[in-house]
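# Structure at a glance
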Amino acid sequence: MTSPGRRFNAGVTRFWTLAAPLYDLPFLQHWVYQPAQDEVITALRAHLARRIADIGCGTGILAARIQADLRPDAVYGVDMSDGMLDQARARTAEVQWSKAPAEELPFDDASLDAVVSTSAFHFFDQAAALREFYRVLVPGGVAAVATISPPQPELLRRLTESASNPAHNPSPAQLRTLFGDAGFTLSDQHRVRRPLWTRGVWDLITIGIKP
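The structure displayed is predicted, hence computed values, not measured ones.

## Some words on the sheet that holds strand 1 (residues 51-55)
Spatial ordering of the open sheet is given by 3-2-1-4-5-7-6, a layout of seven strands whose pairing is mixed. Two strands lie at the open edges of the sheet, namely strand 3 (96-99) and strand 6 (185-191), each paired on one side alone. The sheet shows a mean angle of 15° between the axes of neighbouring strands, direction not considered. Summarising the sheet, strand 1 and strand 4 (residues 112-118) pair through three bridges and their orientation is parallel. Along strand 4, the bridge assignment pairs Ile-52 with Ala-114. Where helix 4 (residues 82-91) meets the sheet, its contacts fall on strand 2 (74-79) and strand 3, and the angle it forms with strand 3 comes to roughly 170°.

## Re the pairing of strand 5 (residues 137-148)
Of all twelve residues that make up strand 5, nine are buried, and the element is covered over most of its length. Sheet topology note: the strand 4/strand 5 ladder contains six bridges and is parallel. Bridge assignment links Val-116 to a residue of strand 5, and that residue is Ala-144. Handedness of the crossover joining strand 4 and strand 5 through helix 5 (residues 126-136): right-handed. As paired strands, strand 5 and strand 7 (residues 203-209) are joined by seven bridges and run antiparallel to one another.

## Describing the packing of helix 5 against helix 7 (residues 172-182)
Helix 7 packs onto helix 5 with a crossing angle of 45° between their chain directions and a minimal axis gap of 9 Å. The angle between helix 5 and helix 7 falls in the class oblique. Seen along the crossing, helix 5 lies across helix 7 with a hand that is right-handed. Residues Gln-126, Ala-127, Leu-130, Arg-131 and Tyr-134 of helix 5 lie in contact with helix 7, whose contacting residues are Leu-178, Phe-179 and Ala-182.

## With respect to unusual backbone geometry
You will see that Leu-48, though not glycine, has its phi angle at about 55°, which is positive. Considering the arrangement of structural elements, one finds Leu-48 in the loop between helix 2 (26-47) and strand 1. The backbone of Ser-119 shows a phi angle near 60°, a positive value even though the residue is not glycine. Residue placement: Ser-119 occurs in the loop between strand 4 and helix 5.

## Looking at helix 7
Every buried residue belonging to helix 7 is among Leu-175, Leu-178, Phe-179 and Ala-182, and all of these are buried. Considered in projection along helix 7, the buried side chains sweep an arc of 95° and stay on one side of the axis. Along its buried surface, helix 7 packs onto helix 5, strand 5, strand 6 and strand 7.

## Looking at the environment of Arg-176
Here Arg-176 shows up in helix 7. Judged by relative accessible area, which is 41%, Arg-176 ranks as partly exposed. With 31 residues separating them in the primary sequence, Arg-176 and Ile-207 have C-alpha atoms 9.4 Å apart. Leaving out residues up to four positions away in the same chain, Arg-176 has contacts with Leu-186 and Gln-189.

## Considerations on the nonpolar core
Residues Ile-55, Phe-107, Leu-112, Phe-124, Leu-130, Phe-133 and Phe-184 are the most contacted members of the largest nonpolar core, which totals 27 residues. Elements that contribute at least two residues to this core include exactly strand 1, strand 2, strand 4, helix 5, strand 5 and helix 7. One finds Val-40, Ala-63, Leu-70 and Ile-209 within the second-largest nonpolar core, a separate group that totals 26 residues.

## Details of the side chain of Glu-39
Among the structural elements, Glu-39 can be located in helix 2. A distance of 2.5 Å separates the side chain of Glu-39 from the side chain of His-190, its partner in a polar contact. In contact with Glu-39, other than residues within four places in its own chain, are His-190, Arg-191, Val-192, Arg-193 and Ile-205.

## Things to note about the packing of aromatic side chains
Tallying each qualifying case throughout the model produces four aromatic pairs. Pairing Phe-121 with Phe-124 gives two aromatic rings, centres 6.0 Å apart and planes at 80°, and the pair type is edge-to-face. Look at Phe-121 and you get buried, because its relative accessible area is 0%. On the basis of relative accessibility, which here comes to 9%, the residue Phe-124 falls in the buried class. For the pair Tyr-134 and Phe-184, a centre-to-centre distance of 5.3 Å together with 85° between the ring planes defines the contact as edge-to-face. With Tyr-134 in helix 5 and Phe-184 in the loop between helix 7 and strand 6, the pair connects residues that are 50 residues apart, well separated along the chain. Cation over ring: Lys-210 sits above Tyr-134, and NZ or CZ is 4.7 Å from the ring centre.

Conventions we followed
- Residues numbered from 1 in each chain as written.
- Predicted model: local features only at pLDDT ≥ 70, side-chain atom pairs only at ≥ 80, totals over all residues.
- Heavy atoms only, no water.
- Pairing = 2+ DSSP bridges.
- Helix = DSSP H or I, 4+ residues; strand = E, 2+ residues; numbered from the N terminus.
- Axes fitted to C-alpha atoms, helices over the stretch in contact; angles between N-to-C directions.
- Contact = heavy atoms within 4.5 Å.
- Buried < 20%, exposed > 50% of the residue type's maximum accessible area, 1.4 Å probe, protein only.
- Right-handed = clockwise from strand over helix to strand, strands pointing away.
- Parallel < 35°, antiparallel > 145°, perpendicular 65-115°, else oblique.
- Left-handed = near helix turned anticlockwise from the far one by under 90°.
- Arc of directions from axis to C-beta.
- Core = buried A, V, L, I, M, F, W, Y, C linked by side-chain atoms within 4.5 Å.
- Polar contact = N/O pair within 3.5 Å; in protein donor to acceptor, adjacent residues only side chain to side chain.
- Phe/Tyr/Trp six-rings, centres within 6.5 Å; stacked < 30°, edge-to-face > 60°.
- Lys NZ or Arg CZ within 6 Å of the ring centre and 35° of its normal.

This is the structure in structure tokens:
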């Protein structure tokens, strides 16, 4: 039987296949998504990552930026939406694009220096995805995840959780636990730095290192 969480994610995938053209609207990218992507680029540059995968890559804006700004040895973009991947492939051929779930990545063990994900983690089976991130990273590899994490009273958080994905919009503490349970050593966690008028997005970046 298909789990409720998997059915929900399949519906999300179908939605983004149809909505992919809207995702690239300049104002949406600049004010909502770019601040977190800027911080991911900074983290990758600091860790000197050479083989990098963007999970839940959408239309490929971040993966293309990684390729253009950092010029690593290899950049991979992974997503489950055909519509998103069609636009990503049209954006650049310098990134290797793949259709796969975050919980079953198409990479060998210890084959990547960095795994990143922005504005997609809430769609994943988060514990399973982080275990996959850990599996595919080399020792010393970095996982950088930007999430939507609004402050919520505990009662409201419990009401919005589901049995299939109890940390759908994880709190900072839940993210630290998820990273630790997957085997990562927490390197950094902070609110994404963004202009005052967009701080209602409430995004958070969490960075872990594979020992």
